[in-house]
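Structural overview for review
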Amino acid sequence: MLDKFFNSLLENNPYFTAGVGVVGFGVGVATLRRGLVLGTEIARRRLLATLEIHSKDVSYMWFLQWMSQQPARRTHKYAVQTSFVQHDNGSVSTAFSLVPGPGRHYFKWKGVWFQIERHRDKAVDLITTTPFETVTLTTLSRDRHLFTELLHESQAIALAKQEGKTVIYTSWGPEWKPFGLPRKRRLLSSVILDKNVKERIITDIEEFIGNGKWYSERGIPYRRGYLLYGPPGSGKSSFIQALAGELGYNICILNLGERALTDDRLNHLLSNAPERSILLLEDIDAAFTSRKLQDDGQGYPSMVTFSGLLNALDGVAASEERIIFMTTNYVERLDQALIRPGRIDMKEYFGNATDYQIKHMFLRFYENEESLADEFVERTKGRAVSPAQLQGHFVYYKNNPKQAVEMAENVFQAW
Ligand code: ADP
């Protein structure tokens, strides 16, 4: 009885029925929405594929560079990336490339649309003080094989830019970073050294490379140190650059005066230099004078200690091939501990130009001018002249070998 009464009351009450209707509708919509979200998520997972590239990964830069070359892009937000190279004569070339800035962009490649989202993380790289970043690429699942293709292509383009070139790395905190664009290889024949100097170094280094087994069998660290010393402008840096080009190696320049450098970081850098690279410590006398620390020129002391440097040089992992070049204008200022055998295995003097060098430099600028070359040698005899001074003179009279001889006296002027 009571049941019936309540039922009839509820069924016949228009307000109540409307309420149930609204609630029912609300629940329905909410369920539908949740279903839709879930459905979209499932569909997204099934239909879409994503690829995440973190800025710590080497392919990150390759990808951004590649992206900057893609024409079919829908983006209005760019970020600029500047690279520059300082040439031997001090001039600087700069190149800008526009890469997609943070945010969401779309581009089409091989007929397929990609969404790219560049996201800056909150975490900051403490060394470079730049935020870490992630790039997330999204495309249809059926096209996901294009991710691998795209990565291969961007890698190939990046490496092709380096082919036949020498990449210069500099230390950046505990890491090695390419400095500017890869440089055109310098030909070994363009560096004129005294008789047999070039041959001696090259024979030694070629004997070293590829002989790791010999070293490991005898328990000797697989590394070789070279010291090039002599006055400025004698070709020390040029020779190392040309040698790297000849061997197909890159160069890692270590700046011991760098403020952020500590013994630990130095150790890490020396043990983690990029493969196939020559480690170069330039003007080593400027960093350490008889174990005294030098400042970086702005009054900030370098934090690397002399014993830290020796430890780092000795501590390079035994199995890894390591070629170290040091240069100095003042060999007498160097601490003997730094240049003892094992740290420095070969020393070569790069001096002022000998008659042999003067003649061959002349002939490199003015082909087949044998007799003029001999005359030039006669006119400069007995006086000190650096190859850099000679180069300046020959460049000045580049189209006129006769005048270069007549004005030979000018070569002794400071350039
Ligand atoms: P260093 O490192 O001994 O101070 P660099 O290698 O920087 O000398 O040379 C300075 C300039 O002089 C470069 O432009 C280089 O081309 C030229 N130069 C110096 N020495 C030689 C050489 N032996 N043969 C050819 N060019 C040279």
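- The name given to the protein chain in an unreviewed UniProt entry is 3540_t:CDS:1, with Paraglomus brasilianum as the source organism.
- UniProt's Subcellular location (unreviewed entry) comment on the protein chain is quoted here verbatim: "Mitochondrion inner membrane".
- Turning to the protein chain, the UniProt record has this under Sequence similarities (unreviewed entry): "Belongs to the AAA ATPase family. BCS1 subfamily."

**With respect to the overall build of the protein chain**
- What the protein chain contains, in helices and strands, is 14 helices and 18 strands.
- Relative to its full complement of 415 residues, the protein chain shows a buried share of 38%.
- Considering only contacts in the protein chain between residues 6 or more positions apart, those separated by 24 or more positions represent 67%.

**Quick word on the site of the ligand**
- With respect to spatial proximity, 17 residues lie near the ligand, and among them Ile192, Gly233, Ser237, Ser238 and Gln391 are the closest.
- A distance of 2.9 Å is found between an oxygen atom of the ligand and a side-chain nitrogen or oxygen belonging to Ser237.
- Protein contact buries 84% of the 550 Å² of open area that the ligand shows by itself.
- Mapped by element, the contributors of at least two residues to the shell around the ligand are α7 (236-247) and α13 (387-396).
- Looking at the shell around the ligand residue by residue, the class counts come to eight nonpolar, seven polar and two charged.
- The residue makeup of the shell around the ligand includes at least three contributed by each of domain 2 (183-349) and domain 3 (355-412).

**Details of unusual backbone geometry**
- The phi angle at Arg276 is positive, at roughly 50 degrees, despite the residue not being glycine.
- Among the secondary structure elements, Arg276 is positioned in the loop between α8 (263-271) and β14 (277-281).
- Positive phi, normally seen in glycine, also occurs at Asp283, with a value near 45 degrees.
- Structurally, Asp283 is set in the loop between β14 and α9 (284-287).
- On the basis of relative accessibility, which here comes to 37%, the residue Asp283 falls in the partly exposed class.

**Focus: the sheet that holds strand β13 (residues 250-253)**
- Pairing is mixed across the open sheet formed by seven strands, whose spatial order is β10-β9-β13-β14-β17-β12-β18. The outermost strands of the open sheet, each flanked by one partner alone, are β10 (175-178) and β18 (346-349). Taking the axes of each pair of neighbouring strands and ignoring which way they run, one obtains an average angle of 25 degrees across the sheet.
- Pairing of strand β12 (residues 223-229) with strand β17 (residues 322-328), which is carried by seven bridges, proceeds in the parallel orientation. Directly across from Tyr226, in β17, lies its bridge partner Phe325.

**Details of the nonpolar core**
- Membership of the largest hydrophobic core comes to 29 residues, with the highest contact counts inside it found for Leu256, Leu266, Leu281, Met326 and Leu338.
- Those elements that place two or more of their residues in this core are α8, β14, α9, α10 (306-315) and β17.
- The element that contributes the greatest number of residues to this core is α10, accounting for five residues.
- Those residues within four positions of Leu266 in sequence are excluded, and the remaining contacts are Leu254, Leu256, Leu261, Val304, Gly308, Leu309 and Ala312.
- Counting 27 residues, the second largest nonpolar core, distinct from the first, contains Ile202, Leu243, Tyr249 and Leu280.

What counts, and at which threshold
- Residues numbered from 1 in each chain as written.
- Predicted model: local features only at pLDDT ≥ 70, side-chain atom pairs only at ≥ 80, totals over all residues.
- Heavy atoms only, no water.
- UniProt positions renumbered as here; feature names shortened; annotations may be inferred.
- Helix = DSSP H or I, 4+ residues; strand = E, 2+ residues; numbered from the N terminus.
- Buried < 20%, exposed > 50% of the residue type's maximum accessible area, 1.4 Å probe, protein only.
- Contact = heavy atoms within 4.5 Å.
- Near = heavy atom within 4 Å.
- Polar contact = N/O pair within 3.5 Å; in protein donor to acceptor, adjacent residues only side chain to side chain.
- Areas by Shrake-Rupley, 256 points an atom, 1.4 Å probe, with all protein chains shown as cover.
- Nonpolar A, V, L, I, M, F, W, Y, C, P; charged D, E, K, R; others polar.
- Domains from an automatic or database assignment.
- Pairing = 2+ DSSP bridges.
- Axes fitted to C-alpha atoms, helices over the stretch in contact; angles between N-to-C directions.
- Core = buried A, V, L, I, M, F, W, Y, C linked by side-chain atoms within 4.5 Å.

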